[in-house]
Amino acid sequence: MLLKLSWKNIWRSKLRSLVVIGSIAMGIWAMIFGNAFMNGFIVSYMANTINHDISHIQVHHPDFKRDQEIKFSVSDGNQKAVQIRSWQGVKGAATRTLVTGMVSSPRKASGVQIRGIDIENEAVVTRLDSLIGEGDYFEGISRNPVVIGSKLAENLQVSVKSKVVLTFNDVNGTLTQISCRIAGIIKSSNLSLGESYVFMRQDDLARQLGIEGEIHEIAVLLESQVDPETIVSRFQSEYPGDLVETWQEIAPQLAYLQDIYGNMLYVLMGIILTALVFGIINTMLMAVLERMKELGMLMAVGMTKIRVFLMIMIETIYLGIVGAPVGLLFGWATVSYLNSKGVDLTAYSEGLEAFGYDSILYPYVADEVYLIVTIGVFITAFVGAIYPALKAIRLKPVEALHKI
Amino acid sequence: MSIIKATDITKTYNATAVPVHALNGINLEIEKGEFTAIVGPSGCGKTTLLNILGGLDHPTTGEVTLAGTNITTMQDGKLIDFRLKNIGFVFQAYNLIPVLTTQENVEFIMLLQKRPKQERDARALELLTQMGIADKAGQRPSQLSGGQQQRVAVARALASKPQFILADEPTANLDSHSTSSLLDIMAKMNKEEGATFVFSTHDQRVIDKARRMITLEDGQIISDEKR
């Protein structure tokens, strides 16, 4: 009875109910879209960093990260990398020889990390080859080809085939200089790739360092559904002496960023739902006040207060039941469309790239967000209905019946 | 045996600085099956008395006993339940539920009483037929005339076969034809269903139809005439 009566009651004032339903739908859409937009930024930033820079897992000598001394190489690193590549869930594993040094052009110099890479496996793990904007991926230069980022090239005022000199200490601490030519220039919004690294062939670097066959880092890229912790556990059980870290440990700022953006959903929900709750209170209060006489009659003829209370609550929940699917559908449709097409923010690309963001944004929403938002809206409807429902049951039939 | 008994009822409103004595020592007994009109000029306390007899309002002093139950000290929840089971109300402004059809309005109190659907449907159609508005069963109150709406209100009041029907100025908004027709129906129901009717009214046509007339003035009964 209450369900039927409440349903009919919400259509007494179609316009008013449609306004509330519209507000609920719009609120849900805004929450989903807002979350998708923020996710687009964070997913793009994280994917960029993980897929093109740090990877999901890194393996080092336990002492390497402290001082980055080149003597602390991963024992049997190349063999371990071969093993890891065969593990289920592993997309690729690239070995790197690392040294901190300086790159200088005839005009300028800059401090960098020089990365000696296994160019084939690096292409699998970081898709470095796909990021080459000018020149080629270690091709076209026969002796000591290097790849650098566009920002670094700009700082050094060099271009493809320009000569640069790398300066670093070898394994004995002897200051070493090698002359290189730029084979390719990376175009990426990733800040480290853009200005902090110089990539060269692993053999070229290792030879100069005096540590041929040794590596300092294994970067492991996983299939998207694989939990990095499972691979870390396996590695630790098979090779207990090495330092194995997940991307959250390697770049804790990324994990914090993910947390912050995750919490932003709740902040956004809080703001929108607070506005919505006042709208619902206002509407339901009007609905109660304009039918005080009828409510008085209902209580006079024997409708209990709990039934009157429930009737008002159900009416409000109905508004949510009608509004929520509309908002969810529009939210899903908007996000799906923009996710497939991308949001072109090239007008702001300079500012975005300065922070490491791509200028094409792909909004994305996790499935559970739809559920969280729906629950949030129903809690809001429930909370918004309480005051009007209490107002209704506080009516005295004899007074309500004589209201004009 | 009296089915309604009011003893030393007073009602004082203190809404303003000066207390208003709406009822002053009302003593009243109404027998089962009576067709009683409470009459008097505006402000004499008719509606207040009816509200108190129906358990919608509490007297300042005195007590009301309905079918042997003292409702004066009853808690709100029990009083609502008592009203649901024993009292039918007819209001001056009909007070039908606008979103329900005529039949649904008539069935409403039976629904609250959780009567089976078959019984509800049969009783509602029986009453609507007796009221001469069976053809309006599927229509909403807004599609009915004032007289038809009040007939629905009477049918609703009678639907659950209550012991008493309390009607506050039931004909105040009706034209003479509708009033006459409604009074005939209520008299017939009183006779056929044995329900006790108590009206507040200052409509002479209702007064003429009543078999007992209680006249109020300044919150007191000044005459009680049985015909």
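This report concerns the structure included in the present document. (Residues numbered from 1 in each chain as written. Chains lettered and ligands numbered in written order. Predicted model: local features only at pLDDT ≥ 70, side-chain atom pairs only at ≥ 80, totals over all residues. Heavy atoms only, no water.)

**Quick word on the overall build of chain A**
Next up, step 1: If you tally the helices and strands in chain A, you get 16 helices and 12 strands.
Next up, step 2: In terms of overall size, chain A is more extended than a compact globule, its C-alpha atoms giving a radius of gyration of 31 Å where 404 residues would be expected to give roughly 22 Å.
Next up, step 3: Projected onto its principal axes, the C-alpha positions of chain A cover 100 × 50 × 30 Å.
Next up, step 4: Relative to its full complement of 404 residues, chain A shows a buried share of 54%.
Next up, step 5: Taking all contacts inside chain A whose residues are at least 6 apart in sequence as the whole, residues at least 24 apart take part in 78%.
Next up, step 6: Accessible area for chain A stands at about 18500 Å²; split by element, carbon and sulfur atoms hold 57% of it.
Next up, step 7: Side-chain charges in chain A split into 34 positive and 38 negative, and the spacing between the mean points of these groups amounts to 15 Å. (Helix = DSSP H or I, 4+ residues; strand = E, 2+ residues; numbered from the N terminus. Rg over C-alpha atoms; globule rule 2.2 N^0.38 Å. Buried < 20%, exposed > 50% of the residue type's maximum accessible area, 1.4 Å probe, protein only. Contact = heavy atoms within 4.5 Å. Areas by Shrake-Rupley, 256 points an atom, 1.4 Å probe, with all protein chains shown as cover. Lys, Arg positive; Asp, Glu negative; His and termini not counted. Charge placed at Lys NZ, Arg CZ, Asp CG, Glu CD.)

**A few points about empty space enclosed by the protein**
All names here are of chain A.
Next up, step 1: Applying the stated criterion across every chain, the model contains two cavities of 30 Å³ or more.
Next up, step 2: Approximately 100 Å³ is the volume found for the largest cavity.
Next up, step 3: Surrounding the largest cavity, 13 residues form its lining, N9, I10, R16, S17 and A287 being those nearest its centre.
Next up, step 4: Elements supplying a minimum of two residues to the lining of the largest cavity: helix 1 (2-10), helix 2 (14-54), helix 11 (252-289) and helix 13 (305-341). (1 Å grid on protein atoms, 1.4 Å probe; cavity = no way out; pocket = protein on both sides within 12 Å on 5 of 7 lines; lining within 4 Å. Points joined across faces, edges and corners; volume = space filled by probe spheres on them.)

**A look at the nonpolar core**
Next up, step 1: One finds I28 of chain A together with L53 of chain B to be the most contacted residues of the largest nonpolar core, which totals 87 residues.
Next up, step 2: Considering every element that reaches this core, the biggest residue donor is helix 13 of chain A, with 10 residues. (Core = buried A, V, L, I, M, F, W, Y, C linked by side-chain atoms within 4.5 Å.)

**As for helix 4 (residues 77-85) of chain A**
All names here are of chain A.
Next up, step 1: Looking only at helix 4, the buried set comprises G77, K80, A81 and I84. The buried residues of helix 4 occupy one face: seen down the axis, they fall within an arc of 100 degrees.
Next up, step 2: Those residues of helix 4 hidden inside the fold are in contact with strand 2 (90-104), strand 9 (217-222) and helix 9 (228-238). (Arc of directions from axis to C-beta.)

**Considering the sheet that holds strand 8 (residues 196-201) of chain B**
Residue and element names in this part refer to chain B.
Next up, step 1: With mixed pairing, six strands are arranged side by side in an open sheet as 6-7-8-3-9-10. Every interior strand has two partners, whereas the edge strands, strand 6 (87-90) and strand 10 (220-226), have only one. Going from strand to strand, the sheet's axes swing by 15 degrees on average, the running direction of each strand aside.
Next up, step 2: Of the strand pairs in this sheet, strand 7 (residues 164-168) and strand 8 are connected by five bridges, and their pairing is parallel. Residue pairing for strand 8: F164 is matched across the bridge by T196.
Next up, step 3: Across the sheet, helix 6 (residues 176-193) is in contact with strand 3 (35-39) and strand 8; its angle to strand 8 comes to roughly 150 degrees. (Pairing = 2+ DSSP bridges. Axes fitted to C-alpha atoms, helices over the stretch in contact; angles between N-to-C directions.)

**Describing the interface of chain A and chain B**
Next up, step 1: Contact with chain A, which involves 22 residues of that partner, is made by 24 residues of chain B.
Next up, step 2: Approximately 2000 Å² of surface area, both sides summed, lies buried where chain A meets chain B, with 68% of it carried by carbon and sulfur atoms.
Next up, step 3: If you look at where chain A meets chain B, you find three salt bridges.
Next up, step 4: Between K4 of chain A and E104 of chain B there is a salt bridge, with its nearest N and O atoms 2.7 Å apart.
Next up, step 5: The tally of links from chain A across to chain B stands at five residue pairs in polar contact (both at pLDDT 80 or more).
Next up, step 6: Here the side of chain A that touches chain B takes six residues from helix 12 (residues 292-300) of chain A, the largest share from any one element.
Next up, step 7: Residue composition of the side of chain A that touches chain B, by class: 11 nonpolar, four polar and seven charged. (Buried area = accessible area lost by both parts, 1.4 Å probe. Salt bridge = Lys/Arg side-chain N within 4 Å of Asp/Glu carboxyl O. Polar contact = N/O pair within 3.5 Å; in protein donor to acceptor, adjacent residues only side chain to side chain. Nonpolar A, V, L, I, M, F, W, Y, C, P; charged D, E, K, R; others polar.)

**Some points on the sheet that holds strand 4 (residues 61-66) of chain B**
Residues and elements named next belong to chain B.
Next up, step 1: Read from one edge of the open sheet, four strands run 2-1-4-5, paired in antiparallel fashion. If you trace the sheet from one side to the other, it starts and ends with strand 2 (20-31) and strand 5 (69-70), each paired once.
Next up, step 2: Sheet topology places strand 1 (residues 2-13) next to strand 2; nine bridges connect them, and they run antiparallel. Residue pairing in the sheet places S2 in a bridge with E31 of strand 2.
Next up, step 3: Strands in contact with helix 1 (residues 46-53) are strand 1, strand 2 and strand 4; relative to strand 2, the strand with the most contacts, it is inclined by about 55 degrees.

**A short note on the environment of Q58 of chain A**
All names here are of chain A.
Next up, step 1: Secondary-structure assignment places Q58 in strand 1 (residues 57-60).
Next up, step 2: It is 9.3 Å that separates the C-alpha atoms of Q58 and V232, two residues lying 174 residues apart in sequence.
Next up, step 3: Those residues within four positions of Q58 in sequence are excluded, and the remaining contacts are R96, E217, I218, L243, V244, E245 and I250.

**Topic: the packing of aromatic side chains**
Aromatic rings considered in pairs are described by the distance between their centres and by the relative angle of their planes.
Residues and elements named next belong to chain A.
Next up, step 1: Evaluation of the coordinates by the stated rule reveals 13 aromatic pairs over all chains.
Next up, step 2: Geometrically, the ring pair formed by Y197 and F199 is edge-to-face, given 5.7 Å between the ring centres and 75 degrees between the ring planes. Each member of the pair, Y197 as well as F199, is classed as buried.
Next up, step 3: Pairwise contacts between aromatic rings join W29, F33, F37 and F41 into one cluster.
Next up, step 4: In this structure, R115 packs its charged tip against the face of Y197, placed 3.9 Å from the ring centre. (Phe/Tyr/Trp six-rings, centres within 6.5 Å; stacked < 30°, edge-to-face > 60°. Lys NZ or Arg CZ within 6 Å of the ring centre and 35° of its normal.)

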